[in-house]
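Residue-level listing of the chains:
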Amino acid sequence: MNDYIQQFFGCRECAENFEKGARRISSEVAEPTDAILWLWRAHNRANRWLHGDTTEDPQQAKVQFPSYAACPLCRRAHRHGLFDHQPGWDEAKVLQYLMLFYAKENVKQDGVTSSKGTSIAHAVLLCSADV
C-alpha cells in the first residue's frame with residue numbers, strides 16, 4: 001500500500017504524511033481486519049486535518065467516513081464529562097459496514113454495480129445485526 005501511495009498520489013505532502021503514519025503499522029496490525037481499520041483510521045485522520053483547508057474540494061468535502069446518514073450504527077456517544085458528549089465510533093459496526101461497502105459484489109465495473117451483490121443501501125440494515 002505504501003508503495004502505491006508513494007508512486008500514485010498526486011500530492012507529495014500527502015504521500016509523505018502517509019509514509020510517516022505507516023511506519024508504526026506493524027505494531028498496530030496483526031490481522032487482516034486490523035489493516036482495514038488502520039486504513040479507515042488513516043483516511044479519517046487525513047480528512048480531519050484537511051477539513052476546512054484552502055485545498056479542500058467543495059464538491060468532495062473532507063468529512064468522517066462513513067457519514068452518520070450512511071451508517072448511524074457506526075457512531076456512538078462517549079461521555080467525557082458531566083455535560084460533554086463526544087462522538088465516537090463502534091469499530092465493530094464500522095468494520096461490518098466497510099466489508100459490505102467494499103465487497104466484491106459492490107465494486108463498480110464500467111460504471112455498473114454487480115446485480116449479485118448486496119446494495120449499499122442495505123449495508124446499514126445488515127450492520128444492525130449483532131457483531
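Calculation rules
- Residues numbered from 1 in each chain as written.
- Predicted model: local features only at pLDDT ≥ 70, side-chain atom pairs only at ≥ 80, totals over all residues.
- Heavy atoms only, no water.
- UniProt positions renumbered as here; feature names shortened; annotations may be inferred.
- Disulfide = S-S within 2.5 Å.
- Buried < 20%, exposed > 50% of the residue type's maximum accessible area, 1.4 Å probe, protein only.
- Core = buried A, V, L, I, M, F, W, Y, C linked by side-chain atoms within 4.5 Å.
- Helix = DSSP H or I, 4+ residues; strand = E, 2+ residues; numbered from the N terminus.
- Contact = heavy atoms within 4.5 Å.
- Patch = residues over 30% accessible without salt bridge, like charges linked within 9 Å, V, L, I, M, F, W, Y side chains within 5 Å.
- Areas by Shrake-Rupley, 256 points an atom, 1.4 Å probe, with all protein chains shown as cover.
- Salt bridge = Lys/Arg side-chain N within 4 Å of Asp/Glu carboxyl O.
- Phe/Tyr/Trp six-rings, centres within 6.5 Å; stacked < 30°, edge-to-face > 60°.

Under the annotation held in an unreviewed UniProt entry, the protein carries the name Sulfhydryl oxidase and is attributed to Ridgeia piscesae. According to its UniProt record, the protein has this under Cofactor (unreviewed entry): "FAD". According to its UniProt record, the protein has this under Catalytic activity (unreviewed entry): "2 R'C(R)SH + O2 = R'C(R)S-S(R)CR' + H2O2".

Draft legend 1. Local environment of the state of the cysteines. Summed over the entire model, instances satisfying the criterion amount to one disulfide. Sulfur-sulfur distance for the disulfide between Cys71 and Cys74 comes to 2.2 Å. Of note, the bridge from Cys71 to Cys74 carries an S-S torsion of about 75 degrees and is right-handed in sense. Residue classification places Cys71 among the buried residues on the basis of a relative accessible area of 0%. Taking relative accessible area as the criterion, Cys74 reaches 0% and is therefore assigned buried.

Draft legend 2. Just the nonpolar core, in detail. In this structure, Leu37, Trp40, Cys71, Cys74, Trp89, Val94, Leu95, Tyr97 and Leu98 together form the largest nonpolar core, which totals nine residues. No other element matches the four residues that helix H5 (residues 91–101) contributes to this core. Contacts of Trp40, omitting those with residues within four sequence positions, involve Phe65, Pro66, Trp89, Glu91, Val94 and Leu98. Counting six residues, the second-largest nonpolar core is a separate cluster that includes Ile5, Ala15, Phe18 and Trp38.

Draft legend 3. Local environment of unusual backbone geometry. Along the chain, Phe65 connects to Pro66 via a cis peptide bond; the corresponding omega equals -5 degrees. Tracing the backbone shows Pro66 in the loop between helix H4 (32–50) and strand S1 (75–79).

Draft legend 4. Geometry of a nonpolar patch on the surface. A contiguous nonpolar surface patch, about 550 Å² in accessible area, is contributed by Met1, Tyr4, Phe8, Phe9 and Leu39. On the basis of relative accessible area, Phe9 is assigned to the partly exposed category, the value being 36%.

Draft legend 5. Just the packing of aromatic side chains, in detail. The tally for this structure, following the rule as stated, stands at seven aromatic pairs. Note on Tyr4 and Phe8: the rings are 5.2 Å apart at their centroids and 35 degrees apart in plane angle, and the pair reads as tilted. Taken together, the positions of Tyr4 and Phe8, both in helix H1 (residues 2–8) and four residues apart, correspond to about one turn of that helix. Its relative accessible area of 60% is what places Phe8 among the exposed residues.

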